[in-house]
Amino acid sequence: MDKGHLFVVSGPSGAGKGTICQKIVEQTDVELSISMTTRDPRSFEEHGANYYFVSKEEFLETIENNGLLEYAEVYGNFYGTPKKLVMEKLNAGRDVILEIDIQGAMKVKQSYPGGVFIFILPPSMTELRKRITGRGSESEDAINMRLGETLKEVSYIDKYDYCVVNGELDEAVNRVQAIIIAEHSKVSESIYHLIKKYEEEI
Ligand code: ADP
Ligand code: 5GP
């Protein structure tokens, strides 16, 4: 059986990665990996749905037990991708999407070169500030710290396979879906089974 595709989505805080990934999960068969983090939950977030919220000790223990596909310190907290579930899904032929930062994405690129790397951009810095402020989940200091990282983050865009500007949400979601369809339409080993069947039918 063919392995599933691994899609990796990164971009500046507030660009809309989470919103887009949620829509992709609702509208396609792609499954979202739930990360582990030491950050405090936002008021609307649930343990096991948005993240696994853990202590720093538990996080470090998971690293020691080789339980993370990748991890990084981002904006002052630790975040990581639990390895077992992601690998099981991919091996069972299911597509998985990781919404992770650039450091983590670069580690995945080394350990899983077959991944497809997508960068989400805001239409402008003014809109980015509006979105991150409108989300109402960070203090002003935290917002400024996140916005201050934007130019450094976008300088990594050439390491990614695709970029999507998230201006109008539905348009951005359609573009990410188009990327998923395009990746599934690439010539790969599995197509030779079909061609073999043609030979048998002739
Ligand atoms: P990220 O995951 O990249 O940090 P979010 O998905 O949390 O960003 O989005 C940040 C805020 O912007 C949220 O309040 C979200 O509802 C809003 N948002 C996301 N995409 C759009 C869009 N295309 N147009 C307007 N608002 C958006
Ligand atoms: P937030 O605190 O806004 O939910 O996420 C902050 C940043 O951490 C975002 O760039 C997000 O993509 C990233 N992130 C979330 N989960 C992971 C993860 O498992 N690994 C890494 N490396 N980054 C993550």
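Each residue is numbered by its place in its chain's sequence as written, counting from 1. Chain letters and ligand numbers both follow the written order, the letters beginning at A and the numbers at 1. Whole-chain, interface and lining totals are the exception, using all residues; otherwise, since this is a predicted model, local features are given only for residues with pLDDT of at least 70 and side-chain atom pairs are given and counted only at 80 or more. Side-chain measures were taken over the full set of non-hydrogen atoms in the model, leaving aside hydrogen atoms and water.

1. Let's talk about the site of ligand 1
The full set close to ligand 1 counts 13 residues, and G14, K17, T19, R135 and N166 are the nearest of them. Pairs of N or O atoms are called polar contacts if they sit within 3.5 Å, as long as, within protein, a hydrogen donor faces a hydrogen acceptor (for residues adjacent in sequence, only side-chain-to-side-chain pairs). At 2.9 Å from an oxygen atom of ligand 1 is found a main-chain nitrogen or oxygen belonging to G18. Every accessible area reported is derived by Shrake-Rupley at a probe size of 1.4 Å, with residue values counting cover from the shown protein chains alone. Expressed as a share of its isolated accessible area of 560 Å², the protein-covered part of ligand 1 is 74%. Helix and strand definitions here come from DSSP, where helices need a minimum of 4 consecutive H or I residues and strands a minimum of 2 consecutive E residues; each element is numbered from the N-terminal end. For the shell around ligand 1, the secondary structure elements donating two or more residues are α1 (17-27) and α5 (125-135). Of the residues forming the shell around ligand 1, the biggest block, 3 residues, is contributed by α1. Being near a molecule or strand, for a residue, comes down to having at least one heavy atom within 4 Å of it.

2. So, the packing of α1 against helix α8 (residues 169-184)
The geometry of a pair of packed helices is captured by two quantities: the angle between their axes and the separation between those axes. Their axes nearest at 10 Å, the elements α1 and α8 cross at an angle of 60 degrees. On the basis of their axis angle, the class for α1 and α8 is oblique. The handedness of the crossing between α1 and α8 is right-handed. Each of T19, I20, K23, I24 and Q27 in α1 lies in contact with α8, whose residues at this interface are L169, A172, V173, V176, Q177 and I180. Angles run from 0 to 180 degrees between N-to-C directions of axes, and those axes are lines fitted to C-alpha atoms, restricted for helices to the stretch in contact. Throughout this description, any angle smaller than 35 degrees is read as roughly parallel, any larger than 145 degrees as roughly antiparallel, any in the 65 to 115 degree range as roughly perpendicular, and the remainder as oblique. Crossings are assigned a handedness: left-handed for a near helix turned anticlockwise from the far helix by less than a right angle, right-handed for a clockwise turn. Should any heavy atoms of two residues lie within 4.5 Å, those residues are counted as being in contact.

3. Here's the deal with the site of ligand 2
Residues in contact with ligand 2 amount to 17 residues; listed here are only the nearest, S35, R39, Y51, Y79 and D101. Within the side chain of D101, one N or O atom sits 2.7 Å away from a nitrogen atom of ligand 2. A total of 510 Å² of accessible area belongs to ligand 2 in isolation, and the protein chains cover 96% of it. The set of elements that each furnish at least two residues to the shell around ligand 2 consists of β5 (68-74) and β6 (77-82). By residue class, the composition of the shell around ligand 2 is 6 nonpolar, 4 polar and 7 charged. In this classification, the charged set is Asp, Glu, Lys and Arg, the nonpolar set is Ala, Val, Leu, Ile, Met, Phe, Trp, Tyr, Cys and Pro, and all remaining amino acids, among them Gly, are polar.

4. Considerations on the UniProt feature "binding site: ATP" (unreviewed entry) in the chain
UniProt positions are given in the numbering used here, feature names are shortened, and annotations may be inferred rather than shown by experiment. The sites that carry the UniProt feature "binding site: ATP" (unreviewed entry) are, in the present numbering, G11, P12, S13, G14, A15, G16, K17 and G18. Here the term buried applies to any residue with accessible area under 20% of the maximum for its type, exposed to any over 50%, and partly exposed to those in between, with areas from a 1.4 Å probe on protein chains only. With relative accessibility at 0%, the residue A15 sits in the buried group. Beyond its immediate chain neighbours, meaning those up to four positions away, A15 contacts I120, L121, P122, L128, R131 and N166. Assignment of secondary structure puts G18 in helix α1.

5. Some thoughts on the pattern of salt bridges
Salt bridge, as used here: a side-chain nitrogen of Lys or Arg that lies within 4 Å of a carboxyl oxygen of Asp or Glu. Enumeration over the complete set of coordinates arrives at 14 salt bridges. Two residues, K84 and E88, come together in a salt bridge whose shortest N-O distance is 3.1 Å. Here E88 and K84 lie together in helix α3 (residues 83-91), a separation of 4 residues that amounts to about one turn. You can call K84 exposed: its relative accessible area is 62%. A relative accessible area of 39% means that E88 is categorised as partly exposed. A salt bridge links R131 to E127, with the shortest nitrogen-to-oxygen separation between them at 2.8 Å. Here R131 and its partner E127 are both found in helix α5, 4 residues apart, which amounts to about one turn of the helix. Here E127 falls in the partly exposed class, since its relative accessible area comes to 22%. A single salt-bridge network, built from bridges that share partners, covers R39, R42, E45, R135, E138 and R146.

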